[in-house]
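Single-letter residue listing:
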Amino acid sequence: MRTVVELLLNQKNNKKLNIVMKYLLNLLLIFILMGCQNEPKTNDDASSEVETFLNNYNQTYQKLLYEASKTAWVLNTKIVEGDTMSSFLAGEAEAKLAEFTGSVENIEKTTKFLNGSYELTDKQEKQLEAILYGAGSNPQTVKDVVDQLIKANNAQTESLYGYSFMLDGKEISPNQIDSILDGSNDLKQRLAVWKSSKDVGKGLKDGLVNLRDLRNKSVQALNYDDFFSYQVSEYGMTTAELREVCQKMINDIWPLYRELHTWARYELAKKYDQPVPEMIPAHWLPNRWGQDWTGLVDVEGLNVDKALNEKSAEWIVKEGEKFYVSMGFPQLPQSFYEKSSLYPLPANADYKKNNHASAWHLNNADDVRSLMSVEPNTRWWETTLHELGHIYYYMMYSNPDVPIVLRGGANRAYHEAMGSLIGLASLQPKFLEQYGLIEKDLEIDQNMSLLKEALNYVVLIPWAAGVMTEFEYSTYSESLPADQYNKKWWELKEKYQGIASPEVRGEDFCDAASKTHINNDPAQYYDYAMSYILLFQFHDHISKNILKQDPHNTNYYGNKEVGKFLKDLMYPGASVDWRSHLKSSIGQDMSAQPMVDYFSPLMEYLQEQNKGREYTLQSLSSM
């Protein structure tokens, strides 16, 4: 280099040096150009490559998602015996979506961007992680497995929701089953209805075993241990960490649950004029899975069934919308009412539909719908407001700041928490006064009111975090043999819920499969337990920091500040880390303490009621 410099400095009076200089300059230019070609891409180039991939992915994903969702909607809302076309079309559309989301090209590109030397923004990284996670359930590296899985999923859905429940030789609807279990004092009738509700599991068992194997094989192609660990990974946890979180939730509320269980055994024995059992017979409870015991208590003045029975099912949905609008949310799109399936089918309908309430976001944009069978009663009042919570969550995160692939809850439990939070608020006295469903300034028995709430929210935790979670962990992670399904199910029911089968149930039954989530929303039921923990944290924050009201008697109606808090929770969808988002929103990590605090007055009441009674559930120290 030194020689070249010297030549350049002295070239003025030297013609030969001018020639040398030109030669060297040309040579230097060539070296520079060659060096530029071999340089790594600039950050701008790399960012552009990632962004182009993400934009293209989101556009294609949305298009294919919409087609698959529309065919799935038909499959769930119009089930015609003997019709195979709906299942075929749903399978075809789902296969196209699966081929795209699980394509080898998308997996390779996503992995390259995540593991390479790309300077990714948080939002880009979040999208790439979501894309790779989405590929886990249908990687095209095992296309034959994915094709079988899609077909098996749709067949299981048709079997589950096309099933005719029978009682005394006549068909009975799920709503009728629930009504009898909620209100009948005839143990013989209750047992017959309960058994009828479980018969559906027999025909689903083989399909469930097949789905377990296919789901495991699918995710194992992307190096997940099993389908359970795959589902858990969306929370950023290992299976062991998730199970530890679930056990902690159970431990935190166990002293109260143990009091509730003891109280229920004695009260039910008195109601049915029977000896007090060690474990509660399943058909004694007002819910076919024993997950909600609210039917055991009527709070004088707070039973709004009578007032609601005078309303129409349409009134319930419209008033639910009106509540959200009062807090500053927009009105539901007209298409919601035009395209949803909100009410029970007429008695003479020549088809069936899925009767499990659900909210749908068909295109991750403006097509939002709900599938319900609303009737004018308390259960559907709460359920409707819950499902609308999901709908408004969809609407809030469908905004330009949230890419299509990130339009989901901050975590899955967040979505359930949004719905359940409003479900809780919808049954508090001040709120019910707003609608004229109870008398103004009504004197309410606080202990009974809290008891009724605990029989919903507290009772669900051991069921969701214990029975459902541990059964599916055993099924997917431990390859539970098919000839032990029912045995395992009832062992878990006794351990975590203190509920026993009313009769010997052999392995020809599959009582777990009577629960829809076991079939078509698998290995994530702990979401509901976590959502209840979160909802009490959110409610505690709203009541104490925004409304300045007693958490046991609030009214969110018309409060724009409450609406803003909820919209801020909802707006970013899955584009944020859920732990950070929770901490920044309420200043806390996830904790059951607000729930425990909320029910602390009830704990004292139950301990007084249970004096001298035998406790048959194991103590916390022996769990």
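This section reports on the structure supplied with the text. (Residues numbered from 1 in each chain as written. Predicted model: local features only at pLDDT ≥ 70, side-chain atom pairs only at ≥ 80, totals over all residues. Heavy atoms only, no water.)

1. Observations concerning the packing of helix α12 (residues 239–272) against helix α22 (residues 526–547)
Moving on, step 1. In contact at an axis separation of 11 Å, α12 and α22 are set at 50° when each is read in the N-to-C sense. Considering the angle they form, α12 stands oblique to α22. When the axes of α12 and α22 are compared, the crossing they make is left-handed. Taking contact as the criterion, the partners of L242, C246 and M249 in α12 are, on α22, Y526, A529, M530 and I533. (Axes fitted to C-alpha atoms, helices over the stretch in contact; angles between N-to-C directions. Helix = DSSP H or I, 4+ residues; strand = E, 2+ residues; numbered from the N terminus. Parallel < 35°, antiparallel > 145°, perpendicular 65-115°, else oblique. Left-handed = near helix turned anticlockwise from the far one by under 90°. Contact = heavy atoms within 4.5 Å.)

2. Looking at the pattern of salt bridges
Pairing is possible between side chains that carry opposite charge, provided their charged atoms lie close to one another.
Moving on, step 1. Counted according to the given criterion, the structure contains 26 salt bridges.
Moving on, step 2. Among the ionic pairs, E507 bridges to K205, the shortest N-O distance being 3.5 Å. Residue E507 is located in the loop between β6 (499–500) and α21 (516–520), and its partner K205 is located in helix α10 (residues 205–220); the two are separated by 302 residues in the primary sequence.
Moving on, step 3. With a shortest N-O distance of 3.8 Å, D367 and K339 are connected by a salt bridge. Residue D367 is found in the loop between β4 (358–361) and β5 (368–371), and its partner K339 is found in helix α15 (residues 334–339); the two are separated by 28 residues along the sequence.
Moving on, step 4. Residue classification places K339 among the partly exposed positions, given a relative accessible area of 36%. (Salt bridge = Lys/Arg side-chain N within 4 Å of Asp/Glu carboxyl O. Buried < 20%, exposed > 50% of the residue type's maximum accessible area, 1.4 Å probe, protein only.)

3. Notes on the pairing of β5
Moving on, step 1. Neither face of β5 is exposed, since V368 and S370 on one face and R369 and L371 on the opposite face are all buried.
Moving on, step 2. Two strands pair when backbone bridges link them, and β4 and β5 are joined in this way by 4 bridges, in the antiparallel orientation. By the bridge assignment for β5, W360 is matched with R369. (Pairing = 2+ DSSP bridges.)

4. A few points about the nonpolar core
Moving on, step 1. By size, the foremost hydrophobic cluster in this structure holds 154 residues, and its most contacted members are L260, Y414, F538, Y556, L566, F599 and L602.
Moving on, step 2. With 18 residues, helix α19 (residues 446–476) is the largest single contributor of residues to this core.
Moving on, step 3. Counting 19 residues, the second largest nonpolar core, distinct from the first, contains Y57, L97, I131 and L406. (Core = buried A, V, L, I, M, F, W, Y, C linked by side-chain atoms within 4.5 Å.)

5. Quick word on unusual backbone geometry
Moving on, step 1. Backbone geometry places A523, a non-glycine residue, at a positive phi of 60°.
Moving on, step 2. In this fold, A523 is placed in the loop between α21 and α22.
Moving on, step 3. Look at K548: it is not a glycine, yet its phi comes out positive at around 55°.
Moving on, step 4. Taking relative accessible area as the criterion, K548 reaches 64% and is therefore assigned exposed.

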